[in-house]
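Results of the structural survey
Residue strings, one per chain:
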Amino acid sequence: MSPADKKDKPADYQRVVLKNASPYHYMKVCLVLEDESTRLSAVDLKQFIISGLKSLYGEVGAALTFDLLKYDEDTLTAFLRVNSRGLVKLWSSLTLLGSYQNQACAFRVLQVSPFLLALTGNSRELQLD
Amino acid sequence: MSVFMDLNLSFTADKKLLQSVVETAAHLGFSTVAINYVFEPTAKKKQDIPSPTPINELIDQLPVVQGRSRPIRVLNRLTIVMSDSSHFRPNAAEYRCFDLLAVQPTTDKLFHAACMTYDVDIICISVTEKLPFFFKRAPVNGAVDRGVVFEVSYSAAIRDSTMRRYTIANAVSLMDTCKGKNVILSSAAEKPLELRGPYDITNLGLLFGLSDGDAKEAVSSTCRSVVLHAETRRTASGIISTMRSCSESSCQQEAPPAAADSEAPAAKRAKHQLPDD
C-alpha cells in the first residue's frame, strides 16, 4: 500500500461499543428534610451519606469511593459520581437513610445515568406548551 | 410495562397526614395505592373489624400521578394479624367492603393454612421481629400456584436499624424459598418521608435477594396481578360478578334492609350451588 492510497481514503472513524462498561454512574439526588429550614453544607452531606453507608454495609461499605460533584445548598440537590460496581450499595444506603440529626429525612433519587450529560435535562419535568 | 403500585399505606385517623402521604406517593410515580387497615384480634374480647372510610371522604381531590396526567387510584385493604385460626372467618361479610384482603400469620400452622386454603390476596411477612417460623417449600409453592403473594414492607427498615436487620433477614429467607416469585414490596408508610420511589424500591429488592427482573416486578406487575386476584375473589371464578342495583325495584323487596352484612353478593357460594340446579 502506497502512501498516496492512504490519503485518498476517507477519514477514519473509530467504532466504540460500550457493553455496559461505563466506569461510573452519576446520580442526581435531593435531600428532603422534615424541618425545611435546616442548612447542610457539602461536607455535612458527604459525611451523612458515608454514615449511611457505614450503618448498612459496615467499614467495608464506608470505604466505597464516591464523589460529590456538585451541590446546591438552597435546594439540597446534589450530583454524585460512583463506581458502577458500587451503585447498588450507594443507592440502597441512600434509600434506607431515614433520619438526619433526629429528624426524619428522605433522599429522593431524581435521576441515575451512566452519562453525566443525561443529567442536564429531565424529561419528566418538561413543560410542553 | 405495568404501572407502579404501593399496596400498603397505613391508615391514620389524621386525614391531613393521610392526604399528604397519598400526594407524595402520586408525586413519586405510584399509579395505585392501597390504604391499609390493620385488624389484630385478641383472645380476651371480641372486636369489630374496622370498616373502610370511603375514599372520597378521605381525599377530596385525588392527586395526579407524576408523568401520567391521570389521577391516582386508591384502594382499601384489610390486614388481619392472626395468632389463632378462629381469627380469620372465611366468607365474613365485613371483608367484602375491602378491595384487598391480607393476613399476617404468626405461627407455622397458620402460615400453612393461609398459603394453602385461605381465600386471601396477600400474606404479610413479619418484618419487626425474628421470624417465628421457617418457610417451608410446600406451602410457599402452594401459595405461588394459587396466585397468593407475599409482602415485605420496608418502612420499618427505614425507621430503625434493628428492624432493618430483621427485615433483610426475613426477606432473604423468604426469597430463598420462593425464588423471587410472587413477592411484592410495599411501604407500610405512616408519614410521607417514609415513602420511597419505585426505582429506589427496585434497587432495595436487590438487597433482599431478588433478581433485577423480579425486583421490578415486585413493584409493578406482581402488584397488578394481586389487584386482579382480588377482583376475581369477589366474583364467581372471575366469570360472573354480582352487584346490587341502586334502584329500589319490586324484586328486591324481600331482601332485608341490612343486605350488605347478611346476603350481599355471595359469589363464591353460588359456584357450589351450580351443580345442584
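Right, let's walk through the structure included here. Since this is a predicted model, take the numbers as computed values, not measurements.

Cut-offs applied
Numbering of residues starts from 1 in each chain and follows the order in which that chain's sequence is written. Here chains are named by letter from A upward and ligands by number from 1 upward, in the order in which they appear as written. Per-residue local features are limited, in this predicted model, to residues with pLDDT of at least 70; the limit for side-chain atom pairs, both in listing and counting, is 80 or more; totals at the level of whole chains, interfaces and linings are taken over all residues. Heavy atoms throughout the structure, all of them, feed into the side-chain values; hydrogens and water do not. Comment: elements are numbered from the N terminus, with helices defined as DSSP H or I runs of at least four residues and strands as E runs of at least two. The buried label applies to any residue whose accessible area, calculated with a 1.4 Å probe on protein chains only, is under 20% of its type's maximum; exposed applies above 50%, and partly exposed to all values in between. Two residues qualify as a contact provided that any one of their heavy atoms is within 4.5 Å of a heavy atom in the partner residue. The Shrake-Rupley method, run with a 1.4 Å probe sphere, supplies the accessible areas, and residue values consider only the shown protein chains as cover. Among buried residues, those of type Ala, Val, Leu, Ile, Met, Phe, Trp, Tyr and Cys that are joined through side-chain atoms within 4.5 Å constitute a nonpolar core. For two strands to pair, DSSP has to find at least two bridges joining them. For a crossover, the right-handed case is the one in which the path from the first strand over the helix to the second runs clockwise, viewed with the strands pointing away from the viewer. Note on method: axes are straight lines fitted to C-alpha atoms, helices fitted across the in-contact stretch only, with angles between N-to-C directions ranging 0 to 180 degrees. The working definition used for a salt bridge is a side-chain nitrogen of Lys or Arg within 4 Å of a carboxyl oxygen of Asp or Glu. Roughly parallel here means an angle under 35 degrees, roughly antiparallel means over 145, roughly perpendicular means 65 to 115, and every remaining angle is called oblique. The handedness criterion is simple: a crossing whose near helix is rotated anticlockwise from the far helix by less than a right angle is left-handed, and one whose near helix is rotated clockwise is right-handed. Three classes are used: nonpolar for Ala, Val, Leu, Ile, Met, Phe, Trp, Tyr, Cys and Pro, charged for Asp, Glu, Lys and Arg, and polar for all others, with Gly counted as polar. Excluding any residue in a salt bridge, patches collect residues exceeding 30% relative accessible area, merging like charges within 9 Å and nonpolar Val, Leu, Ile, Met, Phe, Trp and Tyr side chains within 5 Å. In this description, buried area is defined as the sum, over both parts, of the accessible area (probe of 1.4 Å) that is lost when the two are combined. Polar contact is the term for a pair of N or O atoms within 3.5 Å; when the atoms are in protein, one must be able to donate a hydrogen and the other to accept it, and sequence-neighboring residues count only if both atoms are side-chain atoms. Two aromatic rings from Phe, Tyr or Trp, using only the six-membered ring of Trp, form a pair when their centres are within 6.5 Å; if the ring planes differ by under 30 degrees the pair is stacked, by over 60 it is edge-to-face, and anything between is tilted. Charges are assigned to positions over rings by a cutoff of 6 Å between ring centre and Lys NZ or Arg CZ, combined with an angular limit of 35 degrees from the ring normal.

Here the focus is the overall build of chain B. On a plain count of helices and strands, chain B comes out with eleven helices and seven strands. Going through the 277 residues of chain B one by one, you find that 49% of them count as buried. Contacts in chain B between residues at least 24 apart in sequence constitute 71% of all its contacts with a sequence separation of at least 6. Carbon together with sulfur atoms contributes 53% to the accessible area of chain B, which is approximately 13700 Å² in total.

Membership of the largest hydrophobic core comes to 67 residues, with the highest contact counts inside it found for Leu78, Ile80, Phe88 and Phe150 of chain B. Ranked by residue count, the leading element in this core is helix α1 (residues 15–28) of chain B, at six residues. Once residues lying within four places of it in the same chain are set aside, the contact partners of Ile80 of chain B are Phe39, Pro41, His87, Phe88, Tyr95, Leu101, Ala102, Val103 and Gln104 of chain B. Among the nonpolar cores identified, the runner-up in size contains 25 residues, and Met27, Leu76, Trp91 and Cys105 of chain A belong to it.

What follows covers the pairing of strand β6 (residues 149–153) of chain B. Residues and elements named next belong to chain B. β6 sits mainly inside the fold: five of its five residues count as buried. With burial as the criterion, each face of β6 is covered, one bearing Val149, Glu151 and Ser153 and the other bearing Phe150 and Val152. The pairing of strand β5 (residues 122–124) with β6 spans three bridges and is parallel. Among the inter-strand pairings, Ile123 is bridged to a residue of β6, identified as Phe150. After leaving β5, the chain enters helix α4 (residues 137–146) and then returns to the sheet as β6, a path that is right-handed.

Once that is clear, we can look at the sheet that holds strand β2 (residues 66–72) of chain A. Residues and elements named next belong to chain A. Reading across from one edge, β2-β3-β1-β5-β4 is the order of the five strands in this open sheet, with antiparallel pairing throughout. Looking at strand neighbours, the two that pair on one side only are β2 and β4 (99–100), the edges of this open sheet. With seven bridges connecting them, strand β1 (residues 24–33) and strand β3 (residues 77–83) associate as antiparallel partners. For Tyr26, the partnering residue across the bridge sits in β3 and is Arg81. Where helix α3 (residues 87–95) meets the sheet, its contacts fall on β1, β2, β3 and β5 (103–113), and the angle it forms with β1 comes to roughly 5°.

All names here are of chain A. Taken as a whole and assessed by the stated rule, the structure comprises eight salt bridges over all chains. Residues Arg39 and Asp74 are paired through a salt bridge, measuring 3.9 Å at the closest nitrogen-oxygen approach. Residue Arg39 is located in the loop between β1 and α2 (42–62), and its partner Asp74 is located in the loop between β2 and β3; the two are separated by 35 residues in the primary sequence. Overall, Asp74 belongs to the exposed group, its relative accessible area being 66%.

Packed helix pairs are specified by the crossing angle of their axes together with the interaxial distance, meaning the distance between the axes. Between α3 of chain A and helix α7 (residues 198–207) of chain B, the shortest axis-to-axis distance is 9 Å and the interhelical angle comes to 115°. The angle between the axes of α3 of chain A and α7 of chain B places the two elements in the roughly perpendicular class. The hand of the α3 of chain A/α7 of chain B crossing is left-handed. Residues Val88, Trp91, Ser92 and Thr95 of chain A of α3 of chain A lie in contact with α7 of chain B, whose contacting residues are Tyr199, Asp200, Asn203, Leu204, Leu206 and Leu207 of chain B. For the contact of α3 of chain A with α7 of chain B, the per-class residue count stands at six nonpolar, three polar and one charged.

Residues and elements named next belong to chain B. Structurally, Ser153 can be placed in strand β6. In this structure Ser153 comes out as buried when scored by relative accessible area, which is 11%. Once residues within four sequence positions are removed from consideration, Ser153 is found in contact with Val127, Thr167, Ser186, Ser187 and Ala188.

Residue and element names in this part refer to chain A. Taken together, the side chains of Val16, Leu18, Phe115 and Leu117 make up a nonpolar region of the molecular surface, amounting to roughly 460 Å² of accessible area. Considering the arrangement of structural elements, one finds Phe115 in the segment after β5. Exposure remark for Phe115: the relative accessible area of 48% places this residue in the partly exposed category.

Moving on to the interface of chain A and chain B. At the interface, 20 residues of chain A touch 17 residues of chain B. Summed over both sides, the interface of chain A with chain B buries roughly 1700 Å², with 60% coming from carbon and sulfur. By the criterion of area lost to chain B, the three top residues of chain A are Thr95, Leu96 and Arg108 of chain A, representing 38% of everything that side buries. Counting the contacts that link chain A with chain B gives zero salt bridges. Counting the contacts that link chain A with chain B gives eight residue pairs in polar contact (both at pLDDT 80 or more). Breaking the side of chain A that touches chain B down by element, the ones donating at least two residues are β1, α2, α3 and β5 of chain A. Top element by residues in the side of chain A that touches chain B is β5 of chain A. It accounts for six residues. Its residues assigned to classes, the side of chain A that touches chain B shows 13 nonpolar, four polar and three charged.

This part is about the side chain of Ser126 of chain B. The residue Ser126 of chain B is located in the loop between β5 and α4 in this model. Among all residues touching Ser126 of chain B, those that are not within four sequence positions of it are Gln104, Leu131 and Asn170 of chain B.

Enumeration over the complete set of coordinates arrives at nine aromatic pairs over all chains. Taken together, the ring pairs connect Phe111, Phe133, Phe135 and Phe150 of chain B into an aromatic cluster. Lying over the aromatic face of Phe66 of chain A, Lys46 of chain A brings its terminal NZ or CZ to 4.9 Å of the ring centre. Of note, Lys89 of chain A hangs over the ring of Tyr57 of chain A, and the distance from its end group to the ring centre comes to 5.5 Å.

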